[in-house]
Amino acid sequence: REARKLAEEALDLKRNHPKALYVLSLLAQRAGDAKQERSLLERALNREDPDPLVVKALGKLYYDEGDFKAAGEMFELGRKAQPGDKDWLDELARVYAQTNDAKKQIGLLKELVPLDADDALATASRRSRSPRGIDGSGCRCKMRVRKRLAPTKSCRSSARQASW
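Residues numbered from 1 in each chain as written. Predicted model: local features only at pLDDT ≥ 70, side-chain atom pairs only at ≥ 80, totals over all residues. Heavy atoms only, no water.

## A look at the packing of helix H6 (residues 86-99) against helix H7 (residues 102-115)
Between two packed helices, what matters for the description is the angle formed by their axes and the separation of those axes. To keep it simple, the criterion reads: Each axis is a line fitted through C-alpha atoms, taken for helices only over the stretch in contact, and angles between the N-to-C directions span 0 to 180 degrees. Secondary structure elements follow DSSP: runs of H or I of four or more residues count as helices, runs of E of two or more count as strands, with numbering from the N terminus. Oblique is the label for any angle not covered by the other classes, which are roughly parallel (under 35 degrees), roughly antiparallel (over 145) and roughly perpendicular (65 to 115). Handedness of each helix crossing follows the sense of rotation of the near helix against the far helix: counterclockwise by less than a right angle gives left-handed, clockwise gives right-handed. By definition in these notes, contact holds between two residues if any of their heavy atoms fall within 4.5 Å. Amino acids are sorted into nonpolar (Ala, Val, Leu, Ile, Met, Phe, Trp, Tyr, Cys and Pro), charged (Asp, Glu, Lys and Arg) and polar (every other residue, Gly among them).
With their axes 9 Å apart at the nearest point, H6 and H7 run at an angle of 155° to one another. One way to sum up the angle between H6 and H7 is to call them roughly antiparallel. The element H6 and its partner H7 pack so that their crossing is left-handed. In contact with Lys86, Leu89, Asp90, Leu92, Ala93, Tyr96 and Ala97 of H6, H7 contributes Lys104, Gln105, Leu108, Glu111, Leu112 and Leu115. When grouped by side-chain class, the residues that make up the contact of H6 with H7 number eight nonpolar, one polar and four charged.

## Re helix H5 (residues 68-81)
Along an α-helix, residues three or four positions apart point the same way, because every turn accommodates 3.6 residues. Definition in use: Helix span, expected: 1.5 Å multiplied by one less than the number of residues in the helix. Between buried and exposed lies partly exposed: a residue is buried under 20% and exposed over 50% of the maximum accessible area for its type, with that area taken using a 1.4 Å probe on protein chains only.
Helix length check: H5, at 14 residues, gives a terminal C-alpha distance of 20 Å against a target of 20 Å (1.5 Å per residue), a fit within 8%. Listed in full, the buried residues belonging to H5 are Ala70, Ala71, Gly72, Met74, Phe75, Leu77 and Gly78.

## What to know about the layout of surface pockets
Remark: the empty space left among the atoms is shown by a probe the size of a water molecule rolled over them. The test is simple: The way it works is a 1 Å grid over only the protein atoms, where trapped points that fit a 1.4 Å probe form a cavity and open points with protein on both sides within 12 Å along at least five of seven lines form a pocket, and then any residue with an atom within 4 Å of a point lines it. Grid points are joined across faces, edges and corners, and a volume is the space filled by probe spheres set on the points.
Quantified by volume, the largest pocket comes out at close to 210 Å³. Lining the largest pocket we find 13 residues, and of these Gln29, Glu37, Lys56, Ala57 and Lys60 sit closest to its centre. Within the residue set of the lining of the largest pocket, elements represented by two or more residues are helix H2 (18-30), helix H3 (34-44) and helix H4 (52-65). Examining the composition of the lining of the largest pocket, we find that seven residues originate from one element, H4, more than from any other. A class-by-class count of the residues in the lining of the largest pocket yields seven nonpolar, two polar and four charged.

Limitation: the analysis is restricted to geometry and does not speak to function.
Printed below as a string of structure tokens:
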């Protein structure tokens, strides 16, 4: 009741207050009124200055309804509003997986790799196991260590830093 009252007061001050409409949409969702939830979120959407909470909630609503085109549009809107935020890319990857849009999905995955710490560590680990050496410069330090040979003088610092 308190949340509804505060949201309605905010709407009295500003007709399409996005946070107030978002709160009312959450209350409609909890009441099981999907039609009202959708109506409130669509009313709260401002494409010129989108509120990330509204955009994400509307995108997820469209996704759950199976409207992947509309969901993709919302997540793209959120991505433009918050560039570099990995969550938007994750949501878009889910949409493109559903629509079998391999070209867009591959592009997104390429953007996601540098943003995902686990992927970055896996990439670094693969580089350190490459025969070209730790930094990709052609240093064979790691190969010498594997064969129990002393690293060359130029590779000693790399050998001490690496963990095998």
